[in-house]
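Close look at the chain arrangement
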Amino acid sequence: MSSPYDFTTWEPLLRLLRTAHAREAAAPGGQVSGSIGRDTDDVPLTDDREARDAIERVRTALASAGMTDMGFAARIPASGAVVLRLFDRTAATEDAVGSVLGALTLVEGAVPEPWRRLPEPVDGARPAPSADPELLERRLRDLIPDAIGATEEEIAAAEERLGLTLPEEVKALHRVTRARWEDWRDDHEAEQRVLGAVGFDPIPLEHLFVADLSMRSSFSWEHAATGAVLTGPEDAVQDLVGSPGWIVIGDTGGGDQVVVDLTPGPRGHLGQIVVLDHEQAVGASLWADSLTDLVLGPERTWYTGHRWEKPPLTAMVHDGSAGSIEAVAQPALEVLSIVSRTGAPLSLAPLVGLPRLRTLRAAPGTLADPLQIAELTGLEFLELAPEDWRVLLDAGAVPRSLSAASFQRFGHQDPRFAVALADEILALWDRPLTTETVINGDLGPLS
């Protein structure tokens, strides 16, 4: 296996980059940069077979070395004398997406606030009037009389493994069909009869699991810190990342998980059926008040659209709908993003003293005085332009309340500047620093 530190590993990619960016590469100090990871890459090339093969060559070398991703910057003059700089992601740096460096995790094990939220107890939560385990079982036996059901011993074993008592409707479902693929023995018609009767792909008792926080543990600070959770008094489903009362019993067939909800919202029912959208990291959508209701009304849909911003918890200041910080500075505000705008730089004074503000993102040139950030004592995530980070570092004013930090994209700036800046921030928390490796090679002159 080739090493990610061998010039030959990168040579095909470097040749493509030189051809695609000849003018930039030939300019004094010119270079091209990007990152390659296990699942994503940011390489300035057209997506064609040759580029994919060159990227995969590097990715394979990273995998053989037990590495997940690596940033790079290359100076490739017309002479072909290459200077390749490789940047190793440390345990304190998330996978890079669109830049050499991802977000910096300053406190080991820290997670964004939505990931720390547990369900609130709802007094008086009861099953829906439509919940009828006996009717459900009769209906399923009528629809799939040839299905093989689970035994009471198997149901008891599942409850012991999960550490909870399964709702009666779930037991009724599995008494009719245990949903094991081997039971159908390649009889796809029998399989489809089960799916059609139940309304989703049921999973066997031995595979039922709880959709708690660990199920959605994979997140990016840059995205997760900008989200917020809010369960209102009229909500049937609690707005959460995960819950110890969410039991996954199946799949919609499109990767979305079907869940029996034992921690419903104020207007929900115990044992209601909700769906966890695989494209969303927070929340669940109500599908039916009960499993009986779902089986008797299979035409219903669960999808209600993607989640959007949640005013007043999250806000975005820009030239459009919200042009000032004063307009959004309310006590409930948790997340503020200041995006590129044409007006004068903004003062952060209206934010001082807001009790729940935890995330601030500010685009380059939008802050009148970056040092005002020091007065925002509750921040846990901060994303700034490099020049604003420089102001905070020089003044010793980086908020110590932070759990993670990130940068607005560096564009064509030298990645070494990004790495040096990141290392200064990491050093304040005694976190592992980035490792830079310089490799010299020769591609030969352009013909």
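Here goes a summary of the coordinates provided. (Residues numbered from 1 in each chain as written. Predicted model: local features only at pLDDT ≥ 70, side-chain atom pairs only at ≥ 80, totals over all residues. Heavy atoms only, no water.)

**As for the pairing of strand β13 (residues 335-338)**
- With burial as the criterion, each face of β13 is covered, one bearing V335 and S337 and the other bearing L336 and I338.
- Across four bridges, the pairing between strand β12 (residues 314-317) and β13 is parallel. Looking at β13, one finds that A315 is bridged to L336.
- The sheet contact formed by β13 and strand β14 (residues 359-362) spans four bridges and is parallel. Paired with S337 across the strands is R361, a residue of β14. (Buried < 20%, exposed > 50% of the residue type's maximum accessible area, 1.4 Å probe, protein only. Helix = DSSP H or I, 4+ residues; strand = E, 2+ residues; numbered from the N terminus. Pairing = 2+ DSSP bridges.)

**A few points about the packing of aromatic side chains**
- Going through the model one piece at a time under the given rule, you end up with four aromatic pairs.
- Taken together, a centroid distance of 5.4 Å and an interplanar angle of 55° make the contact between W10 and F72 tilted. Highlighted residues: W10 in helix α1 (residues 7-20) and F72 in strand β3 (residues 69-75), separated in sequence by 62 residues. The same class applies to W10 and to F72, which are both buried.
- Aromatic side chains F200 and W287 sit 6.3 Å apart centroid to centroid with 55° between the ring planes, which places their arrangement in the tilted category. On the criterion of sequence distance, the pair formed by F200 in the loop between α8 (188-198) and β6 (201-202) and W287 in strand β11 (residues 285-288) is long-range, its members being 87 residues apart.
- A cation over a ring is seen here: R400 above W429, with NZ or CZ 4.3 Å from the ring centre. (Phe/Tyr/Trp six-rings, centres within 6.5 Å; stacked < 30°, edge-to-face > 60°. Lys NZ or Arg CZ within 6 Å of the ring centre and 35° of its normal.)

**Re the sheet that holds strand β1 (residues 32-37)**
- A sheet is described by the order of its strands in space; here five strands give the open sequence β2-β1-β3-β4-β17, paired in antiparallel fashion. Two strands close off the open sheet at either side, each with one partner strand: β2 (41-42) and β17 (435-442).
- Pairing geometry for strand β4 (residues 81-88) and β17, over eight bridges, is antiparallel. By the bridge assignment for β17, L84 is matched with I439.
- The strands that helix α12 (residues 415-428) touches are β1, β3, β4 and β17; relative to β4, the one it contacts most, it runs at about 25°. (Contact = heavy atoms within 4.5 Å. Axes fitted to C-alpha atoms, helices over the stretch in contact; angles between N-to-C directions.)

**As for the nonpolar core**
- Formed by 45 residues in total, the largest nonpolar core has its most connected members in L166 and F200.
- In this structure, L166 is in contact with I155, A158, E159, K171, L205, L208 and I247, ignoring residues within four places of it in sequence. (Core = buried A, V, L, I, M, F, W, Y, C linked by side-chain atoms within 4.5 Å.)

**Quick notes on the sheet that holds strand β15 (residues 381-384)**
- Read from one edge to the other, the open sheet built from six strands follows the order β5-β16-β15-β14-β13-β12, with strand pairing classed as mixed. Only two strands of the sheet have a single neighbouring strand rather than two, namely β5 (104-105) and β12.
- Bridge count between β5 and strand β16 (residues 404-407): two bridges; the pairing is antiparallel. Residue pairing for β16: T105 is matched across the bridge by A404.
- This element, helix α11 (residues 386-394), spans β15 and β16 of the sheet and lies at about 120° to β15.
- Where α12 meets the sheet, its contacts fall on β5 and β16, and the angle it forms with β16 comes to roughly 165°.

**Description of the side chain of S290**
- Within the secondary structure, S290 sits in the loop between β11 and α10 (291-296).
- A residue is classified by how much of its surface remains accessible, and S290, at 1% relative accessible area, is buried.
- A distance of 2.8 Å separates polar atoms of two side chains, one belonging to S290 and the other to S130.
- Side-chain polar atoms of S290 contact the backbone nitrogen of D293, separated by 3.0 Å.
- Excluding anything up to four places from it in sequence, S290 contacts A128, S130, A131, E169, G271, Q272 and I273. (Polar contact = N/O pair within 3.5 Å; in protein donor to acceptor, adjacent residues only side chain to side chain.)

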